[in-house]
Amino acid sequence: MMLRGIHVPLVTPFTAAGEVAVDAIEKLAHQMLDEGAAGLVALGTTGEVAALDAEERARVIEVCARVCGQRQALLTVGVTGNDVRSAAQALRSLPEGVGAALVTVPYFLRPGERGVVAYFEALAEETPVPLVIYHIPYRTGQAVSAATLRRLGAHPMVAGVKYAVGGIDLDAVDLLGDLPDGFEVVCGEDAFISPLLALGASGGILAAAHLRTRDFVELAEAWQAGDVARAQALGRRLARLSAALFAEPNPSVIKGVLHAQGLIPTPDVRLPLVPAGAEAVSQARLVAVHPGQ
Ligand SMILES: O=C(O)C1=N[C@H](C(=O)O)C[C@H](O)C1
């Protein structure tokens, strides 16, 4: 169960001069693992990968690979793109220490499900590490059915799917009711982590888990142990936190809270993202401390 547990897609903090704050990434990476995260994700959506140049991406991967190597934790690296040659090149370029690649469904082109299958089957023949399909139709514009995910999951180099469809849909219920051997579902829709775990997901790749990390870890453990009462209580509280942290475009609120806690040097994000409003940050900080029953 390579993807079991909570994996934190790290933010990319920036200095006041607008540079990538590598030291802050290193400290955050250690802190997430200290809190029980099973692994880290570099260059996810939360890491603002689209706004980083090649050299910055390489530095983020390097620091995360160093920390995950020291801690024997899984490092998953985001590979975004909508053409097979650049995605394949990015996979081939992954350095030692990267354990998996989170590959977005090709976005904007809307290639259809046959195109999605051909894309991932081509990458699965090239990749040095297992692939996790990043299925997020409200960002990519491309639907992917349970049947298609099951077909892709039959490939030995396709390890799972990060499932983020804006809730729990019938495809999630269908897929989790009949998973290919060795294929896992991890939640990518933070507020729905608890119900997806209840349906049999292995864990989550959750930006919200930058905060109350240990609670997210305990939530996954409670569902895996069948402690339903504990899992339901934690799930309700953490859903409220997730909703507050996603009140404005991710990762602006999370960065605002981490900055207010002194964990990153600035709350800055790169355009077209803009820093979260003070009210959203204040509300998220309040919910993080008092998540309710
Ligand atoms: O960075 C990621 O990977 C994630 N991105 C999602 C999004 O911003 O849509 C949210 C999820 O927590 C992880």
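Quick caveat: nothing in here was measured; it's all calculated off a predicted structure. (Residues numbered from 1 in each chain as written. Predicted model: local features only at pLDDT ≥ 70, side-chain atom pairs only at ≥ 80, totals over all residues. Heavy atoms only, no water.)

**Q** Report on the sheet that holds strand 4 (residues 100-104), specifying residues and quantitative values.
**A** Strands belonging to one sheet form pairs held by backbone hydrogen bonds; the direction of such a pair is parallel or antiparallel. Around the barrel, 8 strands lie side by side as 1-2-3-4-5-6-7-8; this closed barrel has parallel pairing. On average, adjacent strands in this sheet sit at an angle of 25° to one another, irrespective of strand direction. Note: strand 2 (residues 39-42) against strand 3 (residues 74-79), 4 bridges, orientation parallel. Opposite glycine 39, over in strand 3, you have leucine 74 as the bridge partner. Here helix 3 (residues 84-92) sits on the sheet and contacts strand 3, strand 4 and strand 5 (131-135); the angle it forms with strand 3, its principal contact strand, is near 155°. (Pairing = 2+ DSSP bridges. Helix = DSSP H or I, 4+ residues; strand = E, 2+ residues; numbered from the N terminus. Axes fitted to C-alpha atoms, helices over the stretch in contact; angles between N-to-C directions. Contact = heavy atoms within 4.5 Å.)

**Q** Tell me about the pattern of salt bridges, and name the residues and values.
**A** A complete count under the given rule lists 12 salt bridges for this structure. Arginine 59 is the salt-bridge partner of glutamate 55, the closest N and O atoms lying 2.9 Å from each other. One end of the pair is glutamate 55 and the other is arginine 59, both in helix 2 (residues 54-71) and 4 residues apart, which spans about a single turn. Residue classification places arginine 59 among the partly exposed residues on the basis of a relative accessible area of 29%. Linking arginine 151 and glutamate 121 is a salt bridge whose minimum nitrogen-to-oxygen distance equals 3.6 Å. Separated by 30 residues along the polypeptide, arginine 151 in helix 6 (residues 146-153) and glutamate 121 in helix 4 (residues 112-126) bring together distant segments of the chain. Three or more residues are tied together by salt bridges with common partners; here these are Glu26, Glu62 and Arg66. (Salt bridge = Lys/Arg side-chain N within 4 Å of Asp/Glu carboxyl O. Buried < 20%, exposed > 50% of the residue type's maximum accessible area, 1.4 Å probe, protein only.)

**Q** Any chance you could break down the UniProt feature "binding site: pyruvate" (unreviewed entry) in the chain for me, citing the residues and the numbers?
**A** Cross-referencing UniProt, the feature "binding site: pyruvate" (unreviewed entry) maps to Thr46 and Ile205 in the present numbering. A stretch of 160 residues holds the annotated residues, and the largest C-alpha distance among them is 10.4 Å, short enough that they meet in one place. Tracing the backbone through its elements, the reader meets threonine 46 in the loop between strand 2 and helix 2. Not counting residues up to four positions away in its chain, the partners in contact with isoleucine 205 are His7, Pro9, Val41, Leu102, Lys162, Val186, Cys187 and Gly188. (UniProt positions renumbered as here; feature names shortened; annotations may be inferred.)

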